[in-house]
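One letter stands for each residue in the lines below.
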Amino acid sequence: MKKLIFFLIIAVGTIQANAQFSKATLQANGLTCALCSNAINKSLQKVGFVESVKSDIKNTAFNIRFKQGSEVNVDQIRKAVEEAGFSVGSLTLTGDFNNLKVENDKHHKIGNANFHFVNVKDQVLNGEQTITIVDKNFVSDKTFKAIKATTKKDCINTGKASHCCSDVAQGARIFHTTI
């Protein structure tokens with residue numbers, strides 16, 4: 001009995017999520033001065049899972065650190081930028097991955113979110129890796145059009161699971177990403 005309990009404790013202790021996002025780099029569009037940067041910085045710092053934000057005014061970018069163990073919501077990041085009066089030009093997420101098998105044009109659950117990997121080689125993600133969100137409102141129209149051409153799944157148009165997404169609950173939010 002002691003051996004069984006020991007093995008159960010070891011098994012539960014070694015189960016890990018397949019990824020935990022720790023930081024992001026966001027590039028914003030429409031910045032013209034330090035006051036603009038400050039508005040985005042303040043808005044991002046109000047997001048519950050954000051630990052810190054450092055502005056890179058020269059590159060109109062923001063380096064965001066997430067609170068350890070917190071669930072990251074990509075749409076809340078975008079909303080914070082838009083509430084400050086600007087738009088997202090690009091967003092990359094960096095996380096610690098644990099044997100996440102990524103396949104091109106397939107959906108993968110990371111934490112509580114669904115990610116559709118497009119224009120990627122099949123691979124296994126381990127250790128610190130960075131992914132790029134390529135949904136509409138996260139990249140330029142030109143980039144989105146190019147990414148859209150790499151998949152036949154309807155979810156690219158709406159960001160929601162549809163009939164083409166049998167592995168994700170209908171209507172669930174799907175973030176499109178590449179590596």
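As the structure is a prediction and not an experimental result, all values here were calculated from the model.

Conventions adopted
Residues numbered from 1 in each chain as written. Predicted model: local features only at pLDDT ≥ 70, side-chain atom pairs only at ≥ 80, totals over all residues. Heavy atoms only, no water. Salt bridge = Lys/Arg side-chain N within 4 Å of Asp/Glu carboxyl O. Helix = DSSP H or I, 4+ residues; strand = E, 2+ residues; numbered from the N terminus. Buried < 20%, exposed > 50% of the residue type's maximum accessible area, 1.4 Å probe, protein only. Phe/Tyr/Trp six-rings, centres within 6.5 Å; stacked < 30°, edge-to-face > 60°.

Caption draft 1: Molecular detail of the pattern of salt bridges. In total, this model carries 5 salt bridges according to the counting rule given. A salt bridge links E82 to R78, with the nearest nitrogen and oxygen atoms 2.9 Å apart. One end of the pair is E82 and the other is R78, both in helix α3 (residues 74–83) and 4 residues apart, which spans about a single turn. Note on E82: relative accessible area 35%, which makes it partly exposed. A relative accessible area of 18% places R78 in the buried class.

Caption draft 2: Quick look at the packing of aromatic side chains. Under the criterion given, the structure shown has 4 aromatic pairs. Taking the centre distance of 5.7 Å and the plane angle of 55 degrees together, the rings of F49 and F66 count as tilted. Of this pair, F49 sits in the loop between α2 (34–45) and β2 (50–56) while F66 sits in strand β3 (residues 61–66), and the two are 17 residues apart along the sequence. For F49, a relative accessible area of 5% gives the class buried. For the pair F115 and F175, a centre-to-centre distance of 5.7 Å together with 35 degrees between the ring planes defines the contact as tilted. Taken as a pair, F115 in strand β6 (residues 113–117) and F175 in strand β8 (residues 174–178) lie far apart in primary sequence, 60 residues in all. Residue class for F115 comes out buried when judged on its relative accessible area of 2%.

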